Amino acid sequence: MMEIENNLLPSSSIAVHVDDAPKTEVFANDPASIPLVISDEMLHYYMSLGPCQPNANDLLNNTFTKTYEESGHIRSFNECYYYKKNTDGQLIHRYWLSYSPSLNRIFCLTCKLFGLPDTKKLFLVKNGSNDFKNITRTLSNHESSPDHMQSVIAHGLYIRNDRIDLKLIENANRQVADNRELLRQIIDALIYIGRQNISLRGHREGIDSNNRGNFLELVKLLSNNHGPLKRHIEQIEGKKKNRLTFLSNVTQNHLLNIISEVIRFKILNEVKRSGQFAVIIDTTTDVSNLEQFTFILRYVNEEGLVQERLVSLVTASDATGLGMFEVFCEITNKYNIEWKTQLIAQAYDGAASMQGQYSGLKTRIQNENPNAIYIWCCAHLFNLVVVDTCDCCIVSKRFFGDIGCFVEFMRARKRTAIFVKWQEQLYPNDRLRRMKRFSTTRWTSHDRVLIVINEKYSALLETLEEISDANNSDREAASTAENLLSKITSFQFILMMLFFRKLFAITSEVSRYLQSKEIDFVQAINLIDIAKNRLIDMRTEQDCKDLIDQAKLFSNKNDLKACDFPQVRPRRKKIMAGEQARDELLSSPVDNFRTGVFYRILDTVISSIENRFSESRNILKDFTLLSPERLRLIKNENDLPSDAFKAISNWISIDLTQLKIEYVTFSKSLDKLLNGMNINMMYQNLNNHTSDFDSENDSENSENDVETSENKITCLQILKILSSYDLRNAFPNLFKTYKALGTIPVSSASAERSFSKVKLIKTRLRSTTGQNRLESLLMLSMERDVPINHQEVIDKFAQTSTLLKKNLMFK
């Protein structure tokens, strides 16, 4: 028995790991994946893998799965059970014992592979055992059973049997190993190209062509440092007949589809384990004039981190509410998403087809699932606040109208060249800027236009003066430049530019924070309230006076003729006989600006914030008790309102009485828990998250940062605390409540990000890209942090045809 055991020790008995890839719990020799009836070829394959005996460090969380008993004991498997001591005290390896990380159960691999039909009915063979409390007795009884001994004998005879076809199998397996290694390199090339958003194929590509695309060029480059791949390419270039090149466009599309399915499967598994999710949906028209429907899920994973993941991108022929709902149902049915029970929130923009009261998408979903509350994207709402501001009075309308004309005039090729020339002369050490148009989708575009004008003002003046010279320009350009020059040098233009720069310094920062994934609904409304309070504090006579002084200083610094308000001649009224009329008293230009422009614009912004976010505050009032500030104030259950958490209990399934007890208990221990965590490290991601489609934004141009004090914690960080300390079992209702709060989307910015990726992938030169290929490439680009198991991809690819199975699966 000992001799057989020593001959059977596997060279590698644990997971299939990719070079330097993240650890995974997908083990090729997981006993749960081994069927009870297998062929001789598969028997040899599983024998070559050996038993699945991972150490704790090989698992994803560096620990074996724990089970909690009603008595309070925590049980788990331990790697010491792989060995036993004999009568002499020597350790003997249990080669037959195999642990399943996916099921957290132990199996007898020997009985599963070599046992008789009756033996394979044993619980340790068919279903495995997770009775770790009695594991020592279980292992001992099984080892001494006659059925196990018979299987061990069969195992030994199989090893010692000199089979005729073993050498043939060995040669075939060697070729399979080479093919799998080739495919691994090809998959790496596809993943790299997909994540970098670059095209794969050329116009007339071929491995021996002079017009190879990026994919074949990358494979060729990788072959310089990979012997099997280089030999494979040389065989193809030598015109040697080879049915399997693994480089055709069909193989590319097939592998891309499998990779995207692997990514989607991991995402949907996380969503299923979470039990709660929200949907973020939007549509756009791509370069080939097709309506693209993006489907994104927001959820909280097992580590307490908020995730927003792309699940599907499909074409929608019908853009009405009914058409959107039908596409929504098709996607959820296709991927078995339980939206009628687990969907708790939905976030869209303000389109009528999305939020229509009677036939919109959100209404049709709520008819089936009333708990799916609707969130109007806060970033879209805040952008509408900016739009309201720009059109609130005649002065602001004219100001932004003048800027729009100015930007369009300056974007001509020759005028841009002149602008660049003066920038290089006047600002030699600064980065070159270009004039940017106002945009309805880039929500900080108004601020970015003013930044360029403000920072490069002197260069703009010199540019317009050069263009206005009739000797160097045509008459229309010279006339327009002269008119624009008179407008941007007026004192009113300077005053409005500095005023809106100061205002946008507040609103643009909030807009960027609202587009972050790692922000909860309570924190979003708090940020909006902070911005509103800063605008209220700004509405003072002293701030208006300081703004005017700043405009005068700016005008003097740039040697402008107009350095103050134009003087208005007082009107005198003629006194008729018998009248006692006096001269009309006119307010000064400063008073007119303060009351008619300064106060009016600020009042419009403040009132717009109040009105547009009123519905959001109705949702928020049920979650105010979950804010960290309120949580610290509650010391006993009597401090809670009588209707506390009643709305939340109606929204999600929780025990209301138990939730109040958990809430008070947790509030008393919050400070102690915070002392054991580095809160500043939990803030490191928030300030780095801005929208991908605002990539040209410069944080250094912000005059003031949003007051996101790093001394305070957020609801998402409390959720992280509950997960980090593994308190979810002690506070199940409280954890579920905070998880539901974290699941509520603040904005639909992730949908906008996906459309930005679509524009990078499906360009004018790639307008014929198929929908499946586009979706696969988008999954690779959007979800680049999801680990991909190459062996799993290869196994799925091998099952697609008999030829591939023969050349990619071990015998």
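Only a predicted model underlies this, so the values are computations on that prediction, with no experimental measurement involved. (Residues numbered from 1 in each chain as written. Predicted model: local features only at pLDDT ≥ 70, side-chain atom pairs only at ≥ 80, totals over all residues. Heavy atoms only, no water.)

As a further point, take the overall build of the chain. Across its full length, the chain holds 35 helices and 11 strands. In the chain, buried positions account for 49% of the 811 residues. Within the chain, residue pairs in contact and separated by at least 24 positions form 71% of the contacts whose partners lie at least 6 positions apart. (Helix = DSSP H or I, 4+ residues; strand = E, 2+ residues; numbered from the N terminus. Buried < 20%, exposed > 50% of the residue type's maximum accessible area, 1.4 Å probe, protein only. Contact = heavy atoms within 4.5 Å.)

Quick look at the confidence of the model for the chain now. Scored by pLDDT, the chain has a mean of 82; 85% of the residues are at 70 or more. A low-confidence stretch, residues 679–711 stays under pLDDT 50, and its non-local contacts, those more than four residues away or across chains, total 71 contacts. (pLDDT = per-residue confidence, 0-100.)

Moving on, we come to the pattern of salt bridges. A full pass over the atoms with the stated rule returns 21 salt bridges. Measuring nitrogen to oxygen at the nearest pair gives 3.3 Å for the salt bridge that ties R264 to E775. Placement of R264 in helix α10 (residues 249–274) and of E775 in helix α33 (residues 771–782) is noted, with a sequence separation of 511 residues between them. As far as the burial class goes, R264 and E775 line up, both buried. Among the salt bridges present, the one from K762 reaches D286, with a minimum N-O distance of 3.0 Å. Of this pair, K762 sits in the loop between α32 (749–761) and α33 while D286 is found in the loop between β7 (277–285) and β8 (291–300), placing the two residues 476 residues apart along the sequence. The two residues K762 and D286 agree in class, both being buried. Connected through shared salt-bridge partners, K84, R94 and E143 make up one network. (Salt bridge = Lys/Arg side-chain N within 4 Å of Asp/Glu carboxyl O.)

Quick look at the packing of helix α17 (residues 413–426) against helix α19 (residues 457–468) now. In the contact formed by α17 and α19, the axes pass within 9 Å of each other and the chain directions differ by 135°. In this view, α17 runs oblique relative to α19, as classed from their interaxial angle. α17 and α19 meet at a crossing whose hand is right-handed. Touching R415, I418, F419, K421, W422, Q423 and L426 of α17 are S458, A459, L460, E462, T463, E466 and I467, all from α19. The residue makeup of the contact of α17 with α19, split by class, is seven nonpolar, three polar and four charged. (Axes fitted to C-alpha atoms, helices over the stretch in contact; angles between N-to-C directions. Parallel < 35°, antiparallel > 145°, perpendicular 65-115°, else oblique. Left-handed = near helix turned anticlockwise from the far one by under 90°. Nonpolar A, V, L, I, M, F, W, Y, C, P; charged D, E, K, R; others polar.)

Right, let's talk about the sheet that holds strand β10 (residues 343–348) for a bit. As summarised here, the arrangement of the five strands in space is β9-β8-β7-β10-β11, forming an open sheet in which the pairing is mixed. Of all strands in the sheet, those with a lone pairing partner are β9 (306–315) and β11 (373–376), marking the two edges. Within this sheet the neighbouring strands show an average axis-to-axis angle of 25°, counted without direction. Relative to β9, β8 runs antiparallel, the two being bridged by nine bridges. Looking across to β9, one finds that I296 is bridged to L310. Sitting on the sheet, helix α11 (residues 321–334) touches β7, β8, β9 and β10, and the angle it makes with β8 is about 55°. Along the sheet face, α32 touches β7, β8 and β9 and points at about 135° away from the line of β8. (Pairing = 2+ DSSP bridges.)

On to helix α18 (residues 445–455), then. Within α18, nine of the 11 residues are buried, leaving the element largely enclosed by the surrounding structure. In this structure, the buried residues of α18 make contact with α15 (378–390), α16 (394–410), α17, α19 and α21 (491–514).

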